[in-house]
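Now for the letters of each chain:
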Amino acid sequence: MRLMTDKRLSSDQQRAASRLRKIWDEKKTGLGLTQERVGARLGWETQSAVSQYLNGKIPLNLNAVIKFAQVLEVEPESIYPELLQDLSVPYRVSQQKVDPTFHVAEQPPTYGSDEGVTGIVSLIRKGLNDGTLDAEDLKFIKALVERIVKK
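Small disclaimer: the values here were computed from a predicted structure and weren't measured. (Residues numbered from 1 in each chain as written. Predicted model: local features only at pLDDT ≥ 70, side-chain atom pairs only at ≥ 80, totals over all residues. Heavy atoms only, no water.)

1. A few points about the pattern of salt bridges
When their charged atoms lie close together, side chains carrying opposite charge are able to pair. Under the counting rule described, the total for this entry stands at five salt bridges. Its salt-bridge partner being Arg15, residue Glu82 comes within 3.8 Å of it at the nearest N-O pair. In this pair, Glu82 is assigned in helix α5 (residues 81-84) and Arg15 in helix α1 (residues 11-31), connecting sequence segments 67 residues apart. Among the salt bridges present, the one from Lys22 reaches Glu26, with a minimum N-O distance of 3.8 Å. Linking Lys22 with Glu26, this pair stays in helix α1, spanning four residues, or about one helical turn. A relative accessible area of 54% places Lys22 in the exposed class. (Salt bridge = Lys/Arg side-chain N within 4 Å of Asp/Glu carboxyl O. Helix = DSSP H or I, 4+ residues; strand = E, 2+ residues; numbered from the N terminus. Buried < 20%, exposed > 50% of the residue type's maximum accessible area, 1.4 Å probe, protein only.)

Rendered as structure tokens:
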């Protein structure tokens, strides 16, 4: 994995890195964390990514925020509230487990129905849980919701 370090972080990204570092420093001993263990647990090749996020060398994305929140046992908002503030579907560490009965129906529901809306929300939550939704996806979802509300 090649990490880009030549871009300057925005002020929001710098604050998020500082918050992450502060939470890390407060909790790592009590949780028995090391950069090596966390890197391995999160599926990163080395501890280098952990270090670069903690030191503000690379910007945090939604996937990294959620992974760090899980490991540090905090809400994602405590690390990077600016990234999550526009999310219409609230995300909490306590909601990270997808309902085991959730499945994609063979015949998708009609999206104008209550069942269809619930299915869409479930899919968004699933995307947040498994890290497949990123900041660009969330911007799209927000824009879509705003467009629907205006109609």
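The structure having been displayed, the exposition proceeds.
2. Regarding the nonpolar core
Judged by nonpolar contacts, the single largest core of 31 residues is most densely connected at Tyr53, Leu60, Phe68 and Ile79. Elements represented by at least two residues in this core include exactly α1, α3 (48-54), α4 (62-72), α6 (114-130) and α7 (135-150). If you tally residues by element for this core, the top one is α4, at eight residues. Discounting residues that sit within four places of it in the chain, Leu60 has contacts with Ala16, Ala17, Leu20, Tyr53, Val65, Phe68, Ile79 and Tyr80. (Core = buried A, V, L, I, M, F, W, Y, C linked by side-chain atoms within 4.5 Å. Contact = heavy atoms within 4.5 Å.)

3. Thoughts on α4
Across the 11 residues that make up α4, a large majority, eight, are buried. Those residues of α4 that fall on the buried side of the exposure criterion are Leu62, Ala64, Val65, Ile66, Phe68, Ala69, Val71 and Leu72.

4. Details of unusual backbone geometry
One non-glycine residue, Glu73, lies in positive phi territory at about 60°. On the accessibility criterion, Glu73 (55% relative accessible area) is exposed.

5. Focus on the packing of α1 against α4
Between α1 and α4, whose axes approach to 10 Å, the crossing angle comes to 35°. On α4, the residues touching Leu20, Ile23, Trp24, Lys27 and Leu31 of α1 are Phe68, Val71 and Leu72. Its residues assigned to classes, the contact of α1 with α4 shows seven nonpolar, no polar and one charged. (Axes fitted to C-alpha atoms, helices over the stretch in contact; angles between N-to-C directions. Nonpolar A, V, L, I, M, F, W, Y, C, P; charged D, E, K, R; others polar.)

6. Focus: the packing of aromatic side chains
Here the structure, examined in full by the defined rule, presents three aromatic pairs. Judged by centre distance (5.7 Å) and plane angle (55°), the rings of Trp44 and Phe68 are tilted. You can see Trp44 sitting in the loop between α2 (35-41) and α3 and its partner Phe68 sitting in helix α4, a full 24 residues away along the chain. As far as burial versus exposure is concerned, Trp44 and Phe68 are alike and both buried. Between Tyr53 and Phe68 the ring centres are 5.8 Å apart and the planes differ by 85°, which places this aromatic pair in the edge-to-face class. Placement of Tyr53 in helix α3 and of Phe68 in helix α4 is noted, with a sequence separation of 15 residues between them. For the pair Tyr53 and Phe68, a shared accessibility class is recorded, and that class is buried. Among the aromatic residues, those joined into a cluster by ring pairs are Trp44, Tyr53 and Phe68. (Phe/Tyr/Trp six-rings, centres within 6.5 Å; stacked < 30°, edge-to-face > 60°.)

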